[in-house]
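Report on the structure
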Amino acid sequence: MKVKKFVDLSWDLTENTPIYPGDPEPKIEVATTLEKEGYNLSGVYVGTQTGTHVDAPYHFSNEGATIDQMELDFFFGEAVVIRVTDKKAKEKITMKDVEPYDARIQPGTIVLFNTNWYKKVGTEEFFEHPYVSGEVAEYLVKKGVRFLCIDTINADQTGGTEFPVHDLFSEKRLMIGENMAYFDQIDFDHVVVAAFPMKIVGTDGSPVRAVAIEIESE
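Scope of this entry: the structure provided in the associated data block. Since this is a predicted model, take the numbers as computed values, not measurements.

Things to note about the pairing of strand β7 (residues 110-114)
- Extensive coverage of β7 is indicated by the burial of five of its five residues.
- Across the two faces of β7 the burial is the same, with I110, L112 and N114 and V111 and F113 all buried.
- As judged from the five bridges shared by strand β5 (residues 76-83) and β7, these two strands associate in the parallel manner. Bridge pairing in β7 places A79 opposite I110.
- Bridge count between β7 and strand β9 (residues 147-150): four bridges; the pairing is parallel. The partner of I110 across the bridge, within β9, is F147.

What follows is the structure, given as C-alpha cells:
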C-alpha cells in the first residue's frame, strides 16, 4: 500500500477549541520547563468530547460499551464523502441527500457528511448547524455502516430535545465522530479514514486525530 496524500480532519487542540455548550473547557498549561526542571512538559485538561472526537455507545446509555471496549477496526477503513454543503441552519440531512451515494455505501464503509459548517466557528450560527435525520441514521445502520462522521459539533440537532442518531447508534453499538473539519479538502475518490481514540478506560468517548488518506492504485 502506497500513500499519496494525507488530509488532516482535526481541529487544533487549544484552549479556544470549539466545544459543545456546557462541556468542560479545555486547559493547557506549562507544568515544567527545560530551564527550571530540565525538561519541557505540559498539563492538558480536556473533556472526552473536546474538539474532534468520537462517541462510544456509553455516551447515551449506561449499559453501552465504553470507548476502550470498542474494537480498533471501527476507526479505520474505506470512506465515502457525502457532500451536503447546500444545507442551511438547522436543516436536516435527508434521504434525498444520501440516495445518490447508495451504491458506494457498503457494510463497514465510514460515512463523512461534508457540510462545511466548520467554517462558521466563532459565530452563533456555528451551533445552528445542519444535522442527520433519524431516517438517514436508520438507513445507514441497515446498510452496515458502523462509523458516521460529520463536520459539525453534533450529529443530532444542537439545542434539541431528541437525539435519534445518538440513541440509535448507541443501541446498535456503533460509533459517531463529531466536530471534524476540512472534509472539503478531500479531493480524491478512494478515501481511507483513520480516527483512533485514546484508550481512556470507562469513558463515553475520546478526542481523536482524524485523517483522510489517499491510497495509490495498484
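Description of the pairing of strand β13 (residues 211-215)
- When you tally the buried positions in β13, you get five out of five residues, the bulk of the element.
- Of the two faces of β13, both are covered, the one formed by V211, I213 and I215 as well as the one formed by A212 and E214.
- Looking at chain direction, strand β1 (residues 3-8) and β13 are connected through five bridges and run antiparallel. Residue pairing for β13: D8 is matched across the bridge by V211.
- Bridge count for strand β11 (residues 191-194) against β13 is four bridges, and the pairing is antiparallel. Looking at β13, one finds that V193 is bridged to A212.

Focus: the sheet that holds β5
- What the nine strands build is an open sheet, ordered β1-β13-β11-β5-β7-β9-β10-β4-β12; its pairing is mixed. The open sheet terminates on both sides in strands that have one partner only, identified here as β1 and β12 (205-207). With direction set aside, neighbouring strand axes in the sheet form an average angle of 25°.
- Packed on one face of the sheet, helix α3 (residues 164-171) meets β4 (53-55), β9 and β10 (175-178) and runs near 140° to β10.

Observations concerning the environment of K27
- Its place among the elements puts K27 in strand β2 (residues 27-32).
- Taking the C-alpha atoms as reference points, K27 and I200, separated by 173 residues in sequence, lie 18 Å from one another.

A short note on the pattern of salt bridges
- Scanning the entire structure with this criterion turns up twelve salt bridges.
- For R209, the salt bridge identified is with D8, shortest N-O distance 2.9 Å. Linking R209 in the loop between β12 and β13 with D8 in strand β1, this pair joins segments that are 201 residues apart in sequence.

Reading guide: rules and limits
Residues numbered from 1 in each chain as written. Predicted model: local features only at pLDDT ≥ 70, side-chain atom pairs only at ≥ 80, totals over all residues. Heavy atoms only, no water. Buried < 20%, exposed > 50% of the residue type's maximum accessible area, 1.4 Å probe, protein only. Helix = DSSP H or I, 4+ residues; strand = E, 2+ residues; numbered from the N terminus. Pairing = 2+ DSSP bridges. Axes fitted to C-alpha atoms, helices over the stretch in contact; angles between N-to-C directions. Contact = heavy atoms within 4.5 Å. Salt bridge = Lys/Arg side-chain N within 4 Å of Asp/Glu carboxyl O.

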